[in-house]
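Listed below are the residues making up each chain.
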Amino acid sequence: MSAQDKPLTKRSVVSSLIFKFPESGNGTPVVALFRRSDKVNTYRHHLAPISGSIDKTDPNPLSAAWREIKEETTLTPESLALFRQGKPFTFSDPSIGREWTIHPFGFRLKTKDEGGKGEEGIQTDWEHEGWEWHDPSTVIDSQEFGGVPRLKETLSRVWFETDMGKEAGNILADGLDTLKNDHESGARELAAIALSIFRKVIVGMRDDIGRERWWELVRIAGWHLWKNGRESMGAAIVNVIVSALTSIERIISDTSAHPATKKDEILAVIDEIAEKRQSTGACVSSNFISYLRTNVIGGRNASPVKILTLSSSSTIRSALLHIAFIPDIEKLELHVLESRPLYEGVSIASAVQPEFQSRSVQLKTTIYTDASAALAAKDVDILLLGADRIASSGDVSNKTGSLPAVLSAKNVNPAARVVVLTELEKVAEPGSVTQHVTEENDPDEVIRGWKSSGVKGFDVVERELKRGDGQNTALSVKNIYFEWVPADFIDAYICEEGSWDTSRIKDRSKWVGERIDRLFGAL
């Protein structure tokens with residue numbers, strides 16, 4: 001048997017590209033490529049990203065990427081920030097008997113002003129004999145360039161600007177920054193923003209609709225909006241993008257339509273999707289009122305309906321405002337947890353309270369500290385939760401504090417019903433909750449509150465936080481926005497189609513997964 005005929009050894013690896021952006025913030029970055037030494041087993045003296053195998057002990061590919069970066073360059077999150085991830089791809093190299101599955105990542109080198117070490121912090125190990133900066137547009141797959149196999153594809157899966165063209169590429173890049181930095185909008189609102197960005201990208205793309213490459217780039221744009229905007233809220237984003245892509249596919253496949261009119265048809269169908277989404281919130285609210293009448297109001301006459309909620313959800317806000325128009329209810333008592341660090345609970349209380357002043361329903365709102373979840377849950381009829389993602393199991397990802405509120409309510413008030421208000425677009429593709437990304441946010445959002453309030457002992461905490469490298473320190477601050485509420489604790493999922501249970505959630509998740517696989521699987 002020749003070497004070419006031997007079975008290929010399969011290996012999954014991470015390939016991490018380190019970008020340095022101009023300090024002005026504008027312009028094209030350069031990307032670091034590392035020349036592999038003669039001590040490595042494959043592709044000696046070739047230019048490559050920081051690469052390494054994904055071990056069984058790695059919880060996910062990103063964890064493996066951080067491990068390899070630290071081992072091979074000494075860089076840590078103190079000096080690097082995750083910039084983008086790229087869609088994994090597989091290729092074979094029979095010359096060395098390998099089938100590679102590449103998981104690309106892009107990292108931004110922090111400046112010294114940001115607390116990083118700059119490029120002086122890159123200290124390579126024995127696997128490399130040097131490194132150099134390159135303009136991303138000059139990286140090609142050729143013997144003369146001297147890169148590892150499929151280097152250009154690895155790069156383009158992270159740095160899409162070269163392939164998409166300057167106008168569309170810049171629109172998409174700016175749009176991803178908008179999504180990533182928006183910590184006020186909920187999943188539904190972010191999905192609307194993502195759809196608007198997607199429309200702008202299509203307007204900015206080259207007018208070669210119908211060509212396979214155009215269709216591929218449109219799907220790549222959609223994938224990046226899903227994965228590199230706010231992936232923690234990616235279910236709503238991918239659902240709305242997939243709906244748009246499904247409609248676009250029908251338009252470009254229509255051979256009877258004139259090519260010159262197809263772009264207008266595509267933009268019109270995206271506008272139609274955006275308009276239809278406006279009605280789903282009202283449907284959810286209407287179905288929640290029906291649920292209240294059936295399960296809570298009954299014949300209680302003048303006794304108040306008591307609801308506990310937290311954070312800021314446009315879906316919940318709309319549902320609460322609908323109660324103001326119900327003749328069956330005379331009084332509503334609303335308990336709201338403040339939802340630190342951004343105090344969204346305070347925001348929703350302030351938005352709802354004024355709307356009841358001219359209505360017949362009397363509203364009394366009480367804002368509780370997050371630590372008072374058990375006290376806030378006492379005697380409530382319903383604990384009302386929003387959803388940022390719903391797993392195929394029915395587990396719900398919502399603002400941190402949701403699980404303590406649920407556990408408190410079930411303990412001090414077993415009769416309370418836990419109700420999730422959600423649009424179906426928040427149901428994610430199949431997969432366990434461990435496969436969903438955990439969003440780590442800037443600890444400074446928490447720390448600033450302590451500092452401005454003059455919290456006793458803050459100087460000690462601040463001093464400890466400045467020690468170490470950002471990872472290995474005796475004290476750290478976590479600012480995690482979302483947590484999972486198990487389906488076992490949830491009594492009902494109220495969506496635009498009525499009251500659902502976990503079996504229907506599972507079926508919906510399967511349907512979502514099939515659409516995602518069909519549109520993104522072959523990219």
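By convention here, each chain's residues receive numbers from 1 onward along its written sequence. Local features in this predicted model are restricted to residues whose pLDDT is 70 or higher, and side-chain atom pairs enter the listing and the counts only when it is 80 or higher, whereas totals over whole chains, interfaces and linings include all residues. With hydrogens and water excluded, all non-hydrogen atoms of the structure serve as input to the side-chain values.

Looking at an unreviewed UniProt entry, one finds the chain named Nudix hydrolase domain-containing protein, with Byssochlamys spectabilis as its source organism. UniProt positions are given in the numbering used here, feature names are shortened, and annotations may be inferred rather than shown by experiment. Annotation of the chain in UniProt includes, under Sequence similarities (unreviewed entry), the sentence "Belongs to the eIF-2B alpha/beta/delta subunits family."

Asks: Would you take a moment to explain the domain arrangement of the chain for this structure?
Replies: Interfaces are frequently sized by the accessible area removed from exposure as the parts join. The domain limits used here are those given by an automatic or database domain assignment. Per the domain assignment, the segments making up the chain are domain 1 (9-157), domain 2 (166-256) and domain 3 (281-431 + 482-515). Summarising the inter-unit geometry, the C-alpha centres of domain 1 and domain 3 are found 44 Å apart.

Asks: I'm lost on the pairing of strand β15 (residues 417-421) in this one. Help?
Replies: Residues in a regular strand point their side chains to alternate faces of the sheet. Counting buried positions along β15 gives 4 out of 5 residues, so the element sits mostly inside the fold. A pair of strands is labelled paired if DSSP reports no fewer than 2 bridges between them. Starting at the N terminus, helices and strands are each numbered in turn, a helix being any DSSP run of H or I of at least four residues and a strand any DSSP run of E of at least two. Pairing between strand β12 (residues 382-385) and β15: 4 bridges, direction parallel. Counted as the bridge partner of isoleucine 382 is arginine 417 from β15. Note on exposure labels: buried denotes an accessible area under 20% of the residue type's maximum, exposed denotes more than 50%, and partly exposed covers the range between, all computed with a 1.4 Å probe on protein chains only.

Asks: Please explain the environment of arginine 417 as it appears in this structure.
Replies: When you line up the elements, arginine 417 lands in strand β15. By relative accessible area, which is 30% here, arginine 417 ends up partly exposed. As a C-alpha pair, arginine 417 and isoleucine 382 span 35 residues in sequence and 4.8 Å in three-dimensional space. Polar contacts involving the side chain of arginine 417 include one to the side chain of tyrosine 291, which spans 3.5 Å. For the purposes of these results, a polar contact is taken to be a pair of N or O atoms within 3.5 Å, where, inside protein, one atom must be able to donate a hydrogen and its partner to accept one; residues adjacent in sequence count only when each atom of the pair is a side-chain atom.

Asks: Can you help me understand unusual backbone geometry in this one?
Replies: A negative phi holds for most residues other than glycine; trans holds for most peptide bonds. Here arginine 340 and proline 341 are connected by a cis peptide whose omega angle stands at 5°. The topology assignment puts proline 341 in the loop between β10 (331-337) and α10 (344-352). Although it is not a glycine, threonine 74 adopts a positive phi angle of roughly 70°. By the element assignment, threonine 74 lies in the loop between α1 (61-73) and β5 (80-85). Unlike most non-glycine residues, aspartate 379 shows phi in positive territory, near 70°. With respect to the helices and strands, aspartate 379 occurs in the loop between α11 (373-377) and β12. The class for aspartate 379 is partly exposed, based on a relative accessible area of 48%.

Asks: I'm lost on the pattern of salt bridges in this one. Help?
Replies: Side-chain pairing between opposite charges can occur once the charged atoms of the two side chains come close. Just to be clear on terms, a salt bridge is a Lys or Arg side-chain nitrogen sitting within 4 Å of an Asp or Glu carboxyl oxygen. Applying the stated criterion to the full structure yields 29 salt bridges. For arginine 188, the salt bridge goes to glutamate 423, with nearest N and O atoms at 3.8 Å. With arginine 188 in helix α5 (residues 187-204) and glutamate 423 in the loop between β15 and α13 (444-453), this residue pair connects regions lying 235 residues apart in the sequence. Taken as a pair, arginine 188 and glutamate 423 share a single burial class, namely buried. Counted as one network, the salt bridges with shared partners bring together Asp55, Asp58, Arg67, Glu68 and Glu71.

Asks: In this structure, what is going on with the nonpolar core? I would like to understand it.
Replies: The tendency in soluble globular proteins is for nonpolar side chains to be buried as a group. The criterion is simple. A nonpolar core is a set of buried Ala, Val, Leu, Ile, Met, Phe, Trp, Tyr and Cys residues joined through side-chain atoms within 4.5 Å. Phe198, Trp214, Leu225, Ile248, Ile266, Ile270 and Phe520 are the most contacted members of the largest nonpolar core, which has 50 residues in total. Broken down by secondary-structure element, the contributors of at least two residues to this core are α4 (166-181), α5, α6 (212-228), α7 (234-253), α8 (259-297) and α15 (502-520). For this core, the leading source of residues is α7, giving 11 residues. Only heavy atoms matter for contacts: two residues are in contact if any of them lie within 4.5 Å across the pair. Non-local contacts of tryptophan 214, meaning those with residues more than four positions away in its chain, are made with Ile202, Met205, Arg206, Asp208, Ile209, Ile248, Ile252 and Ile266.

Asks: Explain the packing of aromatic side chains here, please?
Replies: Pairs of aromatic rings are described using the distance from one ring centre to the other and the angle between the two planes. Each pair of aromatic rings taken from Phe, Tyr and Trp, with Trp reduced to its six-membered ring, is defined by centres within 6.5 Å and is described as stacked if the planes are under 30 degrees apart, edge-to-face if over 60, and tilted in the remaining cases. All chains considered together, the criterion is met by 12 aromatic pairs. Here the aromatic rings of tryptophan 66 and phenylalanine 107 are separated by 4.8 Å at their centres, their planes lie at 70°, and the arrangement is edge-to-face. Highlighted residues: tryptophan 66 in helix α1 and phenylalanine 107 in strand β7 (residues 98-109), separated in sequence by 41 residues. The same class applies to tryptophan 66 as to phenylalanine 107, namely buried. With 6.0 Å between their ring centres and 80° between their planes, tyrosine 481 and phenylalanine 482 make a pair best called edge-to-face. As far as the burial class goes, tyrosine 481 and phenylalanine 482 line up, both buried. Among the aromatic residues, ring-to-ring pairing joins Phe19, Phe21, Phe83 and Trp159 into one connected group. Taking the ring centre of tryptophan 226 as reference, the NZ or CZ of lysine 227 above it sits at 4.3 Å. A ring has a charge above it when a Lys NZ or an Arg CZ is no more than 6 Å from the ring centre and no more than 35 degrees off the ring normal.

Asks: How do you make sense of a nonpolar patch on the surface when you look at a structure like this?
Replies: Taken together, the side chains of Tyr343, Val346 and Ile367 define a hydrophobic patch exposed on the protein surface, amounting to about 240 Å² of accessible area. In this structure, valine 346 sits in helix α10. Like charges are joined within 9 Å and nonpolar side chains (Val, Leu, Ile, Met, Phe, Trp, Tyr) within 5 Å, but only among residues with over 30% relative accessible area and no salt bridge; these make up the patches. Computed with the Shrake-Rupley method and a 1.4 Å probe, the accessible areas treat only the protein chains shown as cover for residues.

Asks: When you look at the pairing of β10 in this model, what are you seeing that I'm missing?
Replies: Among the 7 residues that make up β10, 5 are buried, leaving the element largely enclosed by the rest of the structure. For strand β9 (residues 305-310) and β10, the ladder comprises 6 bridges, and the chain directions are parallel. Directly across from leucine 310, in β10, lies its bridge partner leucine 337. If you view a crossover with the strands going away from you and the path from the first strand over the helix to the second runs clockwise, you call it right-handed. Handedness of the crossover joining β9 and β10 through helix α9 (residues 314-323) is recorded here as right-handed. In terms of strand pairing, β10 meets strand β11 (residues 362-368) through 7 bridges, oriented parallel. By the bridge assignment for β11, histidine 335 is matched with threonine 366. One crossover worth recording links β10 to the parallel β11 by way of α10, and it is right-handed.

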